[in-house]
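Below, each chain spelled out in residue letters.
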Amino acid sequence: MIKFESINKAVCILIAWLCFFSPLSQNGVVISTKMTILLWGLLLIALALNMYTCGVKNIQLVISGFIIAYLLCATLVIAVGDEFEFSFARLVPVLCANIICIIHYKKISDVKFLIRLFDFIIVTLFFVNILIFVHNAWIIKWISNNYTQYFPNITEYHLSIMKPLGLFGVHNQAAFIYCGLYIISNILYQYTRAIRYPIYMIVLLLLNILLRSTTSLGFAAVMLGIFVYTNRKSKPLMFLSVCIVSVVVLLFLQSKIFGDYLETLSNGVNGFFPRYVEGLNGLYKNNIEIVKQFLLGIGFTIPQNNTIYFADSGYLIFYTMGNIVFAITFYILFLKSLCYEIKSKEYRLFFALYVLLMELGFVSFLALKTICFYWLMYIYIKSFENEQGKIYDRAKKYKFKIN
């Protein structure tokens, strides 16, 4: 057991590094194929170790096997050649996402280790964002060089207008992870009653609002909802929660940031409405047409002429890869895993809402950092809840050890 615990702690450190600190670019250019293979290889090793120490869930394993077999069939139906080519960049992320959903997670009993790791991550992110707000030249250059995603100069531009991207390169990933850290902070506050966790939550909410994107607006609403919901049983705290939410909303509506959000919602091809209303006849038109041509989807292939849009919506990308069968089956796999692993009904709901909202604006189950963060969320929730689905209240026991 001690051996397994040590392995799981080492795995936890590795996936935290992959999620928060691993490079995304070199000198502002997306990292090389060799570096990409190395990072995904480390993730696969970590997953293999976790499966060895924790085991897998049989029903989810069967569903996962069906998903992989289905996508392989879809791949074989397409004549790989002039128009399509097989891509490990599609196979490996789907494989990793499936493994995340089939692992039978075990608690890490050394909660002080988890608390210290979390505090280190939070303090580092806050420090980086403070330097972004004061427009420190060194941090701007360092983040632009090492954490740019997708297009050159995009991260540098967002940093120039002081968006608190942290170490994530793009605002949708930053918003997603800040919201997840907010959920973990809420758990740790219930566990320790340490005052630093409500402070973390307030700062994370502000960071999300200041990101000024459609995704961050949605997650800010989720964070406020969680704040009210978790304080609902105490009338004084409930009253205080409603007052705080009302003040935040009023200040938001009166600020310039609200105008930025209105512009974002309908701006170009990146706004929510163009993406999901106009996008079906624009951005994703070719995706829908190609599924009409290949009814099973395109599987693990990509078109060589780059006519398919492979960003922004997890639902539509999964539809492109495996028609409605893949999309529905995978999310069922995820939700079954959630129900099996997390006993707490409220945190199961938070986690599900959080993930399904993210899929509206990002292909989170195909990205390294977001896959790793899902894994961390499982570990933290599993380690801090009891068999009845309640978060342990260890405030008295850890009063002098943690605070």
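Residues numbered from 1 in each chain as written. Predicted model: local features only at pLDDT ≥ 70, side-chain atom pairs only at ≥ 80, totals over all residues. Heavy atoms only, no water.

### So, the overall build of the protein
Point 1. Scanning the protein from N- to C-terminus turns up 18 helices and 4 strands.
Point 2. Counting contacts in the protein only where the partners sit at least 6 residues apart, residues at least 24 apart contribute 76% of the total.
Point 3. Total accessible area on the protein is roughly 18,400 Å²; 68% of this is exposed by carbon and sulfur atoms. (Helix = DSSP H or I, 4+ residues; strand = E, 2+ residues; numbered from the N terminus. Contact = heavy atoms within 4.5 Å. Areas by Shrake-Rupley, 256 points an atom, 1.4 Å probe, with all protein chains shown as cover.)

### Some words on the nonpolar core
Point 1. Grouped together as the largest cluster of nonpolar side chains are 122 residues, with contacts concentrated most on Phe20, Leu43, Phe330, Phe351, Tyr354, Phe373 and Trp375.
Point 2. Once residues within four sequence positions are removed from consideration, phenylalanine 373 is found in contact with Cys19, Phe20, Phe176, Ile177, Gly180, Leu181, Ile184 and Tyr354.
Point 3. Counting residues in hydrophobic clusters, the runner-up holds 7 residues, among them Ile78, Phe84, Val291 and Ile298. (Core = buried A, V, L, I, M, F, W, Y, C linked by side-chain atoms within 4.5 Å. Buried < 20%, exposed > 50% of the residue type's maximum accessible area, 1.4 Å probe, protein only.)

### Some points on the packing of aromatic side chains
Point 1. As enumerated under the stated definition, the model contains 39 aromatic pairs in all.
Point 2. Arranged with centres 5.1 Å apart and planes meeting at 85 degrees, the rings of phenylalanine 86 and phenylalanine 88 form a pair that is edge-to-face.
Point 3. By relative accessible area, which is 57% here, phenylalanine 88 ends up exposed.
Point 4. Aromatic side chains phenylalanine 334 and phenylalanine 365 sit 5.5 Å apart centroid to centroid with 65 degrees between the ring planes, which places their arrangement in the edge-to-face category. With a gap of 31 residues between them, phenylalanine 334 in helix α15 (residues 314-341) and phenylalanine 365 in the loop between α16 (345-361) and α17 (368-384) connect regions that are remote in the sequence.
Point 5. Phenylalanine 334 sits in the buried class, given a relative accessible area of 1%. (Phe/Tyr/Trp six-rings, centres within 6.5 Å; stacked < 30°, edge-to-face > 60°.)

### Notes on a nonpolar patch on the surface
Point 1. Together, Phe66, Ile324, Val325, Ile328 and Ile332 make up a nonpolar patch on the protein surface, roughly 420 Å² of accessible area in all.
Point 2. Element by element, the count of residues in the nonpolar patch is highest for α15, at 4 residues.
Point 3. Along the chain, isoleucine 324 falls in helix α15.
Point 4. Using a relative accessible area of 47% as the deciding quantity, one classes isoleucine 324 as partly exposed. (Patch = residues over 30% accessible without salt bridge, like charges linked within 9 Å, V, L, I, M, F, W, Y side chains within 5 Å. Salt bridge = Lys/Arg side-chain N within 4 Å of Asp/Glu carboxyl O.)

### Description of the confidence of the model for the protein
Point 1. Confidence in the prediction for the protein averages 82 pLDDT; 82% of positions are at 70 or higher.
Point 2. Taken element by element, the predicted model of the protein shows its lowest mean pLDDT in helix α18 (residues 399-402) (40) and its highest in helix α5 (residues 111-133) (94).
Point 3. Residue range residues 395-403 is modelled with pLDDT below 50. Its contacts to residues more than four positions away, or to other chains, number 14 contacts. (pLDDT = per-residue confidence, 0-100.)

### Some words on the pattern of salt bridges
Point 1. Evaluated as defined, the whole model comprises 5 salt bridges.
Point 2. Aspartate 110 is paired through a salt bridge with lysine 9; the nearest N and O atoms lie 2.9 Å apart. Pair noted here: aspartate 110 is in the loop between α4 (88-102) and α5 and lysine 9 is in helix α1 (residues 2-20), with a separation of 101 residues, a long-range link.
Point 3. Overall, lysine 9 belongs to the partly exposed group, its relative accessible area being 21%.
Point 4. Where glutamate 289 meets lysine 292, a salt bridge forms, and the shortest distance between an N and an O atom there is 3.5 Å. Of this pair, glutamate 289 and lysine 292 both sit in helix α14 (residues 285-293), 3 residues apart, which is roughly one turn of the helix.
Point 5. Owing to a relative accessible area of 40%, glutamate 289 belongs among the partly exposed residues under this scheme.
Point 6. Several salt bridges share partner residues, and in doing so they unite Lys57, Glu341 and Lys382 into one network.

### Concerning the packing of helix α8 (residues 171-192) against helix α10 (residues 214-230)
Point 1. Taken N-terminus to C-terminus, the directions of α8 and α10 make an angle of 10 degrees; their axes are 8 Å apart at the nearest point. Here α8 lies roughly parallel to α10, going by the angle between them. Of the residues in α10, those in contact with Asn172, Ala175, Phe176, Tyr178, Cys179, Tyr182, Ile183 and Asn186 of α8 are Thr215, Ser216, Phe219, Val222, Met223, Ile226, Phe227 and Thr230.
Point 2. Looking at the contact of α8 with α10, its residues break down into 11 nonpolar, 5 polar and no charged. (Axes fitted to C-alpha atoms, helices over the stretch in contact; angles between N-to-C directions. Parallel < 35°, antiparallel > 145°, perpendicular 65-115°, else oblique. Nonpolar A, V, L, I, M, F, W, Y, C, P; charged D, E, K, R; others polar.)

### Remarks on unusual backbone geometry
Negative phi values dominate among residues other than glycine, just as trans dominates among peptide bonds.
Point 1. The phi dihedral of histidine 135 falls on the positive side, at around 55 degrees, and the residue is not glycine.
Point 2. Inspection of the secondary structure puts histidine 135 in the loop between α5 and α6 (137-146).
Point 3. The class for histidine 135 is partly exposed, based on a relative accessible area of 39%.
Point 4. Notably, arginine 193 is not glycine yet its phi reads approximately 60 degrees, a positive angle.

### Observations regarding the side chain of glutamine 149
Point 1. Relative to the helices and strands, glutamine 149 is located in the loop between α6 and α7 (154-160).
Point 2. Here phenylalanine 168 takes part through its backbone oxygen, which lies 2.6 Å from a polar atom of the side chain of glutamine 149.
Point 3. Polar contacts involving the side chain of glutamine 149 include one to the side chain of glutamine 173, which spans 3.5 Å.
Point 4. What glutamine 149 contacts, discounting residues up to four positions off in sequence, is Leu24, Ile154, Thr155, Phe168, Val170 and Gln173. (Polar contact = N/O pair within 3.5 Å; in protein donor to acceptor, adjacent residues only side chain to side chain.)

### Section: the packing of α14 against α15
Point 1. Where α14 contacts α15, the axes come no closer than 9 Å and their chain directions differ by 5 degrees. Looking at the two axes, α14 sits roughly parallel to α15. Counted together, Asn287, Ile288, Ile290 and Val291 of α14 and Ile317, Tyr319, Thr320 and Asn323 of α15 form the full contact between these two elements.
Point 2. Here the residues of the contact of α14 with α15 sort into 5 nonpolar, 3 polar and no charged.

### Details of α17
Point 1. The first and last C-alpha atoms of α17 sit 25 Å apart over 17 residues, in line with the 24 Å expected at 1.5 Å per residue.
Point 2. Most of α17 is tucked away: 17 of the 17 residues are buried. (Expected span 1.5 Å × (residues − 1).)

### Describing the environment of serine 313
Point 1. Relative to the helices and strands, serine 313 is located in the loop between β4 (301-303) and α15.
Point 2. With relative accessibility at 0%, the residue serine 313 sits in the buried group.
Point 3. Separated by 46 residues in sequence, serine 313 and glutamate 359 have C-alpha atoms that sit 5.7 Å apart.
Point 4. At a separation of 3.2 Å, a polar atom in the side chain of serine 313 contacts the main-chain amide nitrogen of leucine 316.

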